[in-house]
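Each chain is listed here by its residues.
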Amino acid sequence: MDSRFAKNPLNKVDLEFSKTSVSYEVLEKCLKPVRYSRTVEELDSNLTRCMEKLKTLEAFKSCTVEVLPGEAFNSALVDFRFKDLEFWDLRGNTAYGLQGGSLGVLLLMRNIRKKADVTSLMLTLRHNPTLWGLSLQHHEKILGPVEGLFSFGVGHCELDQNLKESSLSEVIVLKHKDSNNTFEFGRKFRSNKLETNYSSSELIQEALLETAKNYLKHTFWWGPVSFSNEFALSSDVRFHKTELQVRKLSELWENVVLESRLDAGLVVPWNFSKLTVNDKYFYNNQKGFKSIGSRVPSEENLKGSYGLDGDNLGSNYFCTLEGKVYLYKNATLNALGLVPFAYGNLILRERLRGSLGFGIAYSSRFGKVELVYSAKVWKQPGDLSAEFQVLFSD
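Quick caveat: nothing in here was measured; it's all calculated off a predicted structure. (Residues numbered from 1 in each chain as written. Predicted model: local features only at pLDDT ≥ 70, side-chain atom pairs only at ≥ 80, totals over all residues. Heavy atoms only, no water.)

(A) Spotlight on the overall build of the chain. Across its full length, the chain carries five helices and 22 strands. With respect to the principal axes defined by its C-alpha atoms, the chain has extents near 95 × 55 × 35 Å. Considering only residue pairs separated by 6 or more positions, the chain has 52% of its internal contacts joining residues 24 or more positions apart. Entry remark: accessible area of the chain is about 21,000 Å², with carbon and sulfur atoms responsible for 60%. Placing the 50 positive and 47 negative side-chain charges of the chain at their respective mean positions leaves the two points 1 Å apart. (Helix = DSSP H or I, 4+ residues; strand = E, 2+ residues; numbered from the N terminus. Contact = heavy atoms within 4.5 Å. Areas by Shrake-Rupley, 256 points an atom, 1.4 Å probe, with all protein chains shown as cover. Lys, Arg positive; Asp, Glu negative; His and termini not counted. Charge placed at Lys NZ, Arg CZ, Asp CG, Glu CD.)

Right, dumping it as structure tokens:
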């Protein structure tokens, strides 16, 4: 900007938008400071700030701006020419948790309501233990900097060899764009399917009834640390659940990177109520283990689909510490998206167990897959170890 014109007054600034399906109302709110600029210098400053705000809408490939003289004296016309992102997009992602890795396939549809909104249909899949889920989500700016996510989903999850859960959920998530906090309000209805020929009487008693959970969950994250509190209160379940996650990447030497992970959680029932089996923690398909935890034997000593006698009834707490050392020394492998690694983990549930091994990770635009060999496993009664595994990771 020429400094000679910086202090020139502006009595009026008009805005003009072209080549976009986002509504005039949404763009007007986002660019309001530009309209009320009263000097050329202020207009330049507000344009810079508002262009950053436009990026947060995540609706445009590009935006070119041209400032022209207005029709009236000391006025300006700001012409915004947009290029929208495609209406739909197909994405994939992978995740890793207590029940092992999962693959998500996401179909995105943009700007259905003309408010820079995103509607998505997500399919989540996992094998061993079995999981599938289908959710319809709608995300848009609600009021100023507040964003909302509305979700409706159905799912089916294998918690243990004789226990499978079906669920129906409704969720609202609110987030301030400048805050490290999210608030989730939801209701989840669960029903269980039991392999009664193999199940213990304890599992049948705990899992026979259908349950509905109303809950509020607050999540706060700061750098590599994420901390959440969940409060459930309904006629069926009443508890407080706290979870902690820490993720840290550290460069040990040139082309040698350490990834450290800590996951911990505790669920406590309220008013001396009893936790349902669906609200407890289950460990399955961790590195070195197919299943983790002590088991309640069935009366007839029959073995379920894992080949183990008895049922895992879940735990009120969990703690996992894992370290992985990635070796980025082979340029050929790295160019193919392949990175060798060595790992070690410690898992606490009733007793401490762990494993050591190595593997190779493959990264693509759809997520990460790991081929793992566990060379040494320290297990406890009830655990089922695994030597070779193919796992989805995050």
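(B) Local environment of the nonpolar core. Membership of the largest hydrophobic core comes to 22 residues, with the highest contact counts inside it found for Leu 15, Val 34, Leu 43, Leu 54, Phe 60, Val 78 and Phe 80. Of all the secondary structure elements, the ones that give two or more residues to this core are strand S1 (12-18), helix H1 (24-30), helix H3 (40-56) and strand S3 (75-84). In contact with Leu 15, not counting residues within four places along its chain, are Tyr 24, Glu 28, Leu 31, Val 34, Arg 35, Leu 77, Val 78 and Phe 80. The next biggest cluster of nonpolar side chains, apart from the first, holds 15 residues, and it includes Leu 98, Val 171, Val 173 and Leu 275. (Core = buried A, V, L, I, M, F, W, Y, C linked by side-chain atoms within 4.5 Å. Buried < 20%, exposed > 50% of the residue type's maximum accessible area, 1.4 Å probe, protein only.)

(C) Just the environment of Leu 31, in detail. Take Leu 31: it is sitting in the loop between H1 and helix H2 (32-35). Overall, Leu 31 belongs to the buried group, its relative accessible area being 0%. Sequence separation of Leu 31 and Leu 15 is 16 residues, and the distance between their C-alpha atoms is 8.6 Å.

(D) Just the pairing of strand S18 (residues 338-349), in detail. A one-sided burial pattern is seen for S18, the buried positions being Val 339, Phe 341, Tyr 343, Asn 345, Ile 347 and Arg 349 and the unburied ones Leu 338, Pro 340, Ala 342, Gly 344, Leu 346 and Leu 348. Where strand S17 (residues 317-327) and S18 come together, eight bridges link them in antiparallel fashion. Opposite Val 325, over in S18, you have Ala 342 as the bridge partner. Inspection of the sheet shows S18 paired to strand S19 (residues 351-364) by 12 bridges, in the antiparallel sense. (Pairing = 2+ DSSP bridges.)

(E) Expanded view of the packing of aromatic side chains. Taken as a whole and judged by the stated rule, the model has 12 aromatic pairs. A ring pair is formed by Tyr 283 and Phe 318, whose centres lie 6.2 Å apart and whose planes are at 80°; its orientation type is edge-to-face. Of this pair, Tyr 283 sits in strand S15 (residues 283-286) while Phe 318 is found in strand S17, placing the two residues 35 residues apart along the sequence. One exposure class covers both Tyr 283 and Phe 318, and it is buried. Here the guanidinium or amino end of Lys 213 rests over the ring plane of Tyr 215, the centre of that ring lying 4.9 Å away. Its guanidinium or amino end placed over the ring of Tyr 96, Lys 287 lies 4.6 Å from that ring's centre, counting from NZ or CZ. (Phe/Tyr/Trp six-rings, centres within 6.5 Å; stacked < 30°, edge-to-face > 60°. Lys NZ or Arg CZ within 6 Å of the ring centre and 35° of its normal.)

(F) Summary view of the sheet that holds S15. Within the open sheet, the three strands sit side by side as S15-S16-S21. Their pairing is antiparallel. Since the sheet does not close on itself, it has two edges, and those belong to S15 and strand S21 (384-385), each with one partner. Here two bridges tie strand S16 (residues 289-292) to S21, and the two strands are oriented antiparallel to one another. Looking at the pairing, Phe 289 lines up with Ser 385 of S21.

(G) Spotlight on unusual backbone geometry. The phi torsion at Lys 19 lies on the positive side, around 60°, for a residue other than glycine. On the secondary structure map, Lys 19 appears in the loop between S1 and H1. In the Ramachandran plot, Asn 74 falls in the positive-phi region, its phi being about 55° despite a non-glycine side chain. Following the sequence through the fold, Asn 74 ends up in the loop between strand S2 (60-69) and S3. On the basis of relative accessibility, which here comes to 27%, the residue Asn 74 falls in the partly exposed class.

(H) Layout of the pairing of strand S22 (residues 388-393). Alternating residues of S22 divide into Gln 389, Leu 391 and Ser 393, all buried, and Phe 388, Val 390 and Phe 392, none buried. In this sheet, S22 lies alongside strand S20 (residues 367-378) in antiparallel orientation, the contact comprising six bridges. Counted as the bridge partner of Lys 368 is Ser 393 from S22.

(I) Main features of the pattern of salt bridges. The final tally for this structure, using the stated rule, is 25 salt bridges. A salt bridge links Arg 295 to Asp 160; the nearest nitrogen and oxygen atoms lie 2.9 Å apart. Pair noted here: Arg 295 is in the loop between S16 and S17 and Asp 160 is in strand S8 (residues 146-160), with a separation of 135 residues, a long-range link. Of the two residues, Arg 295 and Asp 160, both sit in the buried class. A salt bridge links Arg 190 to Asp 279, with the nearest nitrogen and oxygen atoms 3.0 Å apart. On the criterion of sequence distance, the pair formed by Arg 190 in strand S10 (residues 181-194) and Asp 279 in the loop between strand S14 (256-269) and S15 is long-range, its members being 89 residues apart. Residues Arg 190 and Asp 279 agree in their burial class; the two are buried. Residues joined in a network through salt bridges with shared partners are Glu 259, Arg 261, Lys 287, Glu 322, Lys 324, Glu 370 and Asp 394. (Salt bridge = Lys/Arg side-chain N within 4 Å of Asp/Glu carboxyl O.)

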